[in-house]
Amino acid sequence: MRRKHQRTALLAMAVIGIGTAAALTLAALQDNLLFFYGPGEIEAQHLVAGQRFRLGGLVVDGSIRRLDDGLTITFDVTDTVETVSVVYVGPVPDLFAEGQGVIANGMLDRDGVFQADELLAKHDENYMPPEVAERLERAGHPTQ
Amino acid sequence: MHRFANPNRFLRLSRQVLPWVAGLAAVLMAAGLYLALVASPPDARQGDTVRIMYVHVPAAWLSLFGYASMAVASAVGYIWKHPLADLACKATAPIGATFTAVCLATGSLWGEPMWGTWWEWDARMTSVLILFFLYLGYLALVSAFDDPTRGLKAGAILALVGAVNLPVIKFSVEWWNTLHQPPSVSRLGTPAIDPSMLWPLLVMAAAFTAFFITLVLLNTRSEIIQRKIQVLRAAQAYGAAE
């Protein structure tokens with residue numbers, strides 16, 4: 001009976017110890033675990049022109065423009081406070097749309113425009129059939 | 001609990017339970033697949049690609065459930081020294097690993113058309129890949145010892161230490177910004193998933209759970225029987241030497 005309690009205490013201590021170690025490690029790596037930075041974080045993270053990073057945010061409504069070459073597109077990414085313009089050449093994923101989440105991989109140029117060479121669309125946690133989406137839209141709740 | 005820790009009683013009980021769980025799994029799987037692939041609507045934005053979710057999400061839940069049960073079994077085996085707990089832990093590992101592989105593969109198949117990438121090193125995907133490697137590492141470690149009991153003991157330690165990864169997987173999409181979307185079903189307040197899609201998902205999750213339990217029971221039985229054969233062989237060899 002005593003040995004069983006000893007083992008339980010030992011196990012509890014080990015679990016607490018490993019948990020703390022893992023939490024401290026992850027807290028120390030916080031910045032490296034972020035998959036992307038929002039437009040508002042660029043300055044705080046000291047991201048300068050020519051430095052590669054992923055820019056994430058929402059595509060501003062009405063900002064997507066396709067240039068005449070048919071390949072280049074430009075759009076604005078916002079975190080609802082700050083906005084960055086993005087230029088991208090290449091195919092876009094199915095879910096890429098205005099008002100939706102997007103992650104662009106690339107770097108800022110000297111004019112502060114983000115030159116992207118990779119574009120990922122982000123999906124939100126909402127799942128609904130088309131009819132429900134239409135109904136919400138008509139009721140004035142933009143879902144798309 | 002000690003009553004159920006007896007391997008012979010487990011063999012008897014599991015033989016009676018198995019046909020029922022297996023039958024339940026078959027019925028639920030048939031109903032779930034019909035609901036998910038035929039009866040449920042396409043998604044407003046994803047179209048029919050959303051149907052991958054009905055396999056991906058239950059597989060992901062069970063990959064976590066499988067590892068959590070291995071950690072619990074290891075703790076029970078360590079504290080109470082029940083031989084059945086370590087065997088059940090070993091029997092769960094290959095099944096959990098397979099469900100994790102299904103989760104990773106279906107996620108990749110969904111990500112290519114939707115996100116525009118097969119794989120990205122974001123916190124959710126990386127932590128699930130680590131879970132997969134923990135399963136494989138456990139299996140390698142357990143079979144690396146000549147004495148199976150020592151192998152199970154070493155594996156139990158790995159199973160317990162690796163459990164620290166489980167909350168990281170669960171909360172990765174909330175602690176850090178990731179490519180992977182935040183939870184839909186367990187979200188507080190209004191569910192983010194329409195009932196016409198939530199129900200097929202829940203039926204599929206129940207089907208996967210019943211299937212998982214069927215496989216674990218079968219595999220635990222075979223682990224026990226294998227162990228009995230080993231002991232008998234050893235006794236025979238000992239008797240022959242005398």
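Above this text you will find the structure in question.
A brief structural summary. (Residues numbered from 1 in each chain as written. Chains lettered and ligands numbered in written order. Predicted model: local features only at pLDDT ≥ 70, side-chain atom pairs only at ≥ 80, totals over all residues. Heavy atoms only, no water.)

### What to know about the pattern of salt bridges
Point 1. With the rule as written, the count across this model stands at four salt bridges over all chains.
Point 2. The shortest N-O distance in the salt bridge between Asp-117 of chain A and Arg-52 of chain A comes to 3.0 Å. Placement of Asp-117 of chain A in strand β6 (residues 114-121) and of Arg-52 of chain A in strand β1 (residues 52-59) is noted, with a sequence separation of 65 residues between them.
Point 3. Overall, Asp-117 of chain A belongs to the partly exposed group, its relative accessible area being 47%.
Point 4. Note that Asp-48 of chain B and Arg-51 of chain B form a salt bridge whose closest N and O atoms lie 3.0 Å from each other.
Point 5. The class of Arg-51 of chain B is buried, set by a relative accessible area of 15%. (Salt bridge = Lys/Arg side-chain N within 4 Å of Asp/Glu carboxyl O. Helix = DSSP H or I, 4+ residues; strand = E, 2+ residues; numbered from the N terminus. Buried < 20%, exposed > 50% of the residue type's maximum accessible area, 1.4 Å probe, protein only.)

### Thoughts on the interface of chain B and chain A
Point 1. Between chain B and chain A, the residue contacts involve 43 residues of the former and 36 residues of the latter.
Point 2. A combined buried area of about 3,500 Å² lies between chain B and chain A, and 59% of that area is made up of carbon and sulfur atoms.
Point 3. Our count for the contact surface shared by chain B and chain A stands at one salt bridge.
Point 4. Linking chain B to chain A there are 17 residue pairs in polar contact (both at pLDDT 80 or more).
Point 5. Where the side of chain B that touches chain A is concerned, the elements lending two or more residues are α2 (53-80), α3 (83-114), α5 (148-162), α6 (165-175) and α7 (195-241) of chain B.
Point 6. Among the elements that take part in the side of chain B that touches chain A, α2 of chain B stands out by supplying five residues, more than any other.
Point 7. Classifying every residue of the side of chain B that touches chain A gives 27 nonpolar, nine polar and seven charged. (Contact = heavy atoms within 4.5 Å. Buried area = accessible area lost by both parts, 1.4 Å probe. Polar contact = N/O pair within 3.5 Å; in protein donor to acceptor, adjacent residues only side chain to side chain. Nonpolar A, V, L, I, M, F, W, Y, C, P; charged D, E, K, R; others polar.)

### Thoughts on the packing of aromatic side chains
Point 1. Scanning the entire structure with this criterion turns up 13 aromatic pairs over all chains.
Point 2. Each member of the aromatic cluster is reached from another via a ring pair, and the members are Phe-65, Phe-99, Phe-208, Phe-211 and Phe-212 of chain B.
Point 3. One residue, Arg-54 of chain A, lies across the ring of Phe-35 of chain A, its end atom 4.0 Å from the ring centre.
Point 4. One Lys or Arg, Lys-170 of chain B, reaches over the ring of Phe-171 of chain B and ends 5.7 Å from the middle of that ring. (Phe/Tyr/Trp six-rings, centres within 6.5 Å; stacked < 30°, edge-to-face > 60°. Lys NZ or Arg CZ within 6 Å of the ring centre and 35° of its normal.)

### Concerning the packing of α3 of chain B against helix α4 (residues 123-142) of chain B
Residues and elements named next belong to chain B.
Point 1. Contact pair α3 / α4: the axes reach a minimum separation of 9 Å and the direction vectors enclose 145°. The interaxial crossing formed by α3 with α4 has left-handed handedness. For the pair formed by α3 and α4, the contact residues are Asp-86, Cys-89, Lys-90, Ala-93, Pro-94, Gly-96, Ala-97, Thr-100, Ala-101, Cys-103 and Leu-104 on the first element and Val-128, Leu-129, Leu-131, Phe-132, Tyr-135, Tyr-138, Leu-139 and Val-142 on the second.
Point 2. A per-class count over the contact of α3 with α4 returns 15 nonpolar, two polar and two charged. (Axes fitted to C-alpha atoms, helices over the stretch in contact; angles between N-to-C directions. Left-handed = near helix turned anticlockwise from the far one by under 90°.)

### Looking at helix α1 (residues 7-39) of chain B
Residues lying three or four places apart along an α-helix face the same way, a consequence of the helix completing one turn every 3.6 residues.
Residues and elements named next belong to chain B.
Point 1. Roughly 35° is the biggest bend found in α1, and it falls at Val-17, with proline Pro-19 one to four residues downstream.
Point 2. Among the residues of α1, Phe-10, Leu-11, Ser-14, Leu-18, Val-21, Ala-25, Gly-32 and Ala-36 are the ones counted as buried.
Point 3. Measuring from the backbone nitrogen of Asn-8 back to the side-chain oxygen at the start of α1 gives 2.8 Å, which picks out Asn-6 as the cap. (Bend = angle between axes of the 7 residues up to and from the residue.)

### With respect to the nonpolar core
The tendency in soluble globular proteins is for nonpolar side chains to be buried as a group.
Point 1. Core analysis: the largest hydrophobic core is formed by 49 residues, its most contacted members being Met-53, Tyr-54, Tyr-67, Met-70, Tyr-138 and Ile-193 of chain B.
Point 2. Mapped onto this core, the elements with two or more residues apiece are α1, α2, α3, α4, α5, α6 and α7 of chain B.
Point 3. Look past the residues within four positions of Tyr-138 of chain B in its chain and what remains in contact with it is Met-70, Asp-86, Cys-89, Lys-90, Ala-93, Leu-152, Gly-155, Ala-156, Leu-158 and Ala-159 of chain B.
Point 4. Among the nonpolar cores identified, the runner-up in size contains 23 residues, and Phe-53, Phe-75, Val-84 and Ala-104 of chain A belong to it. (Core = buried A, V, L, I, M, F, W, Y, C linked by side-chain atoms within 4.5 Å.)

### Some remarks on the environment of Cys-103 of chain B
Residue and element names in this part refer to chain B.
Point 1. In this fold, Cys-103 is placed in helix α3.
Point 2. Along the backbone, Cys-103 and His-56 are 47 residues apart, and their C-alpha atoms lie at a distance of 5.1 Å.
Point 3. The contact partners of Cys-103, leaving out residues within four places of it in the chain, are His-56, Ala-59, Ala-60 and Val-128.

### Regarding unusual backbone geometry
Point 1. A positive phi angle is found at Thr-80 of chain A, which is not glycine, with a value near 75°.
Point 2. Mapped onto the elements, Thr-80 of chain A comes out in the loop between β3 (72-78) and β4 (83-89).

### A word on the pairing of strand β5 (residues 101-108) of chain A
All names here are of chain A.
Point 1. Within β5, seven of the eight residues are buried, which leaves it mostly tucked inside the rest of the structure.
Point 2. Across seven bridges, β1 lies against β5 in antiparallel orientation. Bridge pairing in β5 links Gly-57 to Val-102.
Point 3. Two strands pair when backbone bridges link them, and β5 and β6 are joined in this way by seven bridges, in the antiparallel orientation. Directly across from Ala-104, in β6, lies its bridge partner Leu-119. (Pairing = 2+ DSSP bridges.)

### Notes on the packing of α2 of chain B against α5 of chain B
Residues and elements named next belong to chain B.
Point 1. Packing of α2 against α5 leaves a shortest axis separation of 8 Å and a crossing angle of 125°. In this view, α2 runs oblique relative to α5, as classed from their interaxial angle. Handedness of the crossing formed by α2 with α5: left-handed. Taken together, the residues of α5 that come into contact with α2 (itself represented by Tyr-67, Met-70, Ala-71, Ser-74 and Ala-75) are Ala-156, Leu-158, Ala-159, Leu-160 and Gly-162.
Point 2. Grouping the constituent residues of the contact of α2 with α5 by class yields eight nonpolar, two polar and no charged. (Parallel < 35°, antiparallel > 145°, perpendicular 65-115°, else oblique.)

### Looking at α2 of chain B
Point 1. Its 28 residues place the ends of α2 of chain B 40 Å apart at the C-alpha level, agreeing with the 40 Å of an ideal helix rising 1.5 Å per residue.
Point 2. Directly after α2 of chain B, the chain includes Lys-81 of chain B, whose backbone phi takes a positive value near 60°. (Expected span 1.5 Å × (residues − 1).)

### A look at the side chain of Ser-14 of chain B
All names here are of chain B.
Point 1. Of note, Ser-14 is situated in helix α1.
Point 2. Judged by relative accessible area, which is 3%, Ser-14 ranks as buried.
Point 3. At 2.9 Å, the side chain of Ser-14 forms a polar contact with the side chain of Arg-221.
Point 4. When near neighbours in sequence (up to four residues on either side) are disregarded, Ser-14 contacts Leu-217 and Arg-221.

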